[in-house]
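One-letter residues, chain by chain:
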Amino acid sequence: MKLTTVICSAILVATGMFALVYALSGFDFLLFLCGGNVYAFRALLSLAGVAALWLLFWLIAFRPLRWLS
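Quick caveat, the model's predicted, so the values are computed rather than measured.

Participant: When you look at the overall build of the protein in this model, what are you seeing that I'm missing?
Facilitator: Scanning the protein from N- to C-terminus turns up three helices and zero strands. Written out in order from the N terminus, the α and β elements of the protein read α-α-α. Against the globule reference of 11 Å for 69 residues, the protein gives a C-alpha radius of gyration of 15 Å, more extended than a compact globule. Projecting the C-alpha coordinates of the protein onto the three principal axes gives extents of approximately 45 × 25 × 15 Å. For the protein, long-range pairs separated by at least 24 residues make up 54% of all intrachain contacts whose partners lie at least 6 apart in sequence.

Participant: Would you mind showing me how to read the packing of helix α1 (residues 2-25) against helix α3 (residues 38-62) here?
Facilitator: For any two helices packed against each other, one specifies the inter-axial angle together with the distance between the axes. At a minimum axis distance of 9 Å, the contact between α1 and α3 shows a crossing angle of 130°. Our classification of the angle between α1 and α3 gives oblique. With respect to the hand of their crossing, α1 and α3 are arranged in left-handed fashion. Across the interface between the two elements, T4, T5, C8, S9, I11, L12 and T15 of α1 pack against L47, A48, A51, A52, W54, L55 and W58 of α3.

Participant: Honestly, α3 in this entry has me stumped. Any pointers?
Facilitator: Since the α-helix turns once every 3.6 residues, residues separated by three or four places project in the same direction. Over its 25 residues, α3 runs 36 Å from end to end, which matches the ideal 36 Å to within 8%, given 1.5 Å per residue. For α3, the full list of buried residues reads F41, A48, A51 and L55. In this structure, the buried residues of α3 make contact with α1 and α2 (29-33). The distance from a side-chain oxygen at the start of α3 to the backbone nitrogen of Y39 is 3.1 Å, and the residue carrying that oxygen is N37.

Participant: Sorry if this is basic, but what is going on with the packing of aromatic side chains here?
Facilitator: What describes a pair of aromatic rings is the distance from one ring centre to the other and the angle between the planes of the rings. Going through the model one piece at a time under the given rule, you end up with six aromatic pairs. Relative to F32, the ring of F27 has its centre 5.6 Å away and its plane inclined at 50°; by these criteria the two rings are tilted. An angle of 50° between the planes, with centres 5.4 Å apart, marks the rings of W54 and F57 as tilted. Of the two residues, W54 and F57 are both situated in helix α3; the distance of three residues between them amounts to about one turn of the helix. The partly exposed category is assigned to W54, whose relative accessible area is 23%. A relative accessible area of 41% places F57 in the partly exposed class. A network of ring pairs unites the aromatic residues F18, F27, F29 and F32 as a single cluster.

Procedures and definitions
By convention here, each chain's residues receive numbers from 1 onward along its written sequence. In view of the model being predicted, local features appear only for residues whose pLDDT reaches at least 70, and side-chain atom pairs are presented and counted only at 80 or more, with totals across whole chains, interfaces and linings using the full set of residues. As a rule here, side-chain values cover all heavy atoms of the structure and leave hydrogens and water aside. Elements are defined by DSSP. Helices are runs of H or I of four residues or more, strands are runs of E of two residues or more, and each kind is numbered from the N terminus. Our radius of gyration is a C-alpha quantity, and the globule rule it is checked against amounts to 2.2 Å times the number of residues to the power 0.38. Residues are treated as being in contact if the distance between any of their heavy atoms lies within 4.5 Å. The axes are straight lines fitted to the C-alpha atoms, using for helices just the contacting stretch, and the angles between their N-to-C directions are given from 0 to 180°. What sets the label is the angle itself: under 35 degrees gives roughly parallel, over 145 gives roughly antiparallel, 65 to 115 gives roughly perpendicular, and the rest give oblique. Left-handed describes a crossing whose near helix is turned anticlockwise from the far helix by less than a right angle; the clockwise case is right-handed. Here the expected span of a helix is defined as 1.5 Å times the quantity of residues minus one. Three labels apply to residues, based on accessible area from a 1.4 Å probe with only protein chains included: buried if under 20% of the type maximum, exposed if over 50%, partly exposed otherwise in between. Any N or O atom pair separated by 3.5 Å or less is treated as a polar contact, with the protein-specific requirement of one donor-capable and one acceptor-capable atom, and with residues adjacent in sequence counted only for side-chain atom pairs. The rule is short: rings of Phe, Tyr and Trp, with Trp giving its six-membered ring, pair when the centres are within 6.5 Å, and they are stacked under 30 degrees, edge-to-face over 60, tilted in between.

In structure tokens:
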């Protein structure tokens with residue numbers, strides 16, 4: 001379970017970095033990595049969506065920030 005959370009976090013960080021490159025330069029690096037294949041591009045974006053949903057579930061179910069207050 002911890003490994004899944006680390007992998008999902010890495011996917012979201014990588015997707016965020018690709019979005020940063022696109023926002024600053026206009027070059028879509030993720031689409032370049034997919035070789036211009038729109039279906040692979042959408043599959044990677046949906047993988048990032050699933051990773052975000054997993055982290056949302058993890059934050060609700062396990063409340064790792066409970067003892068910060």
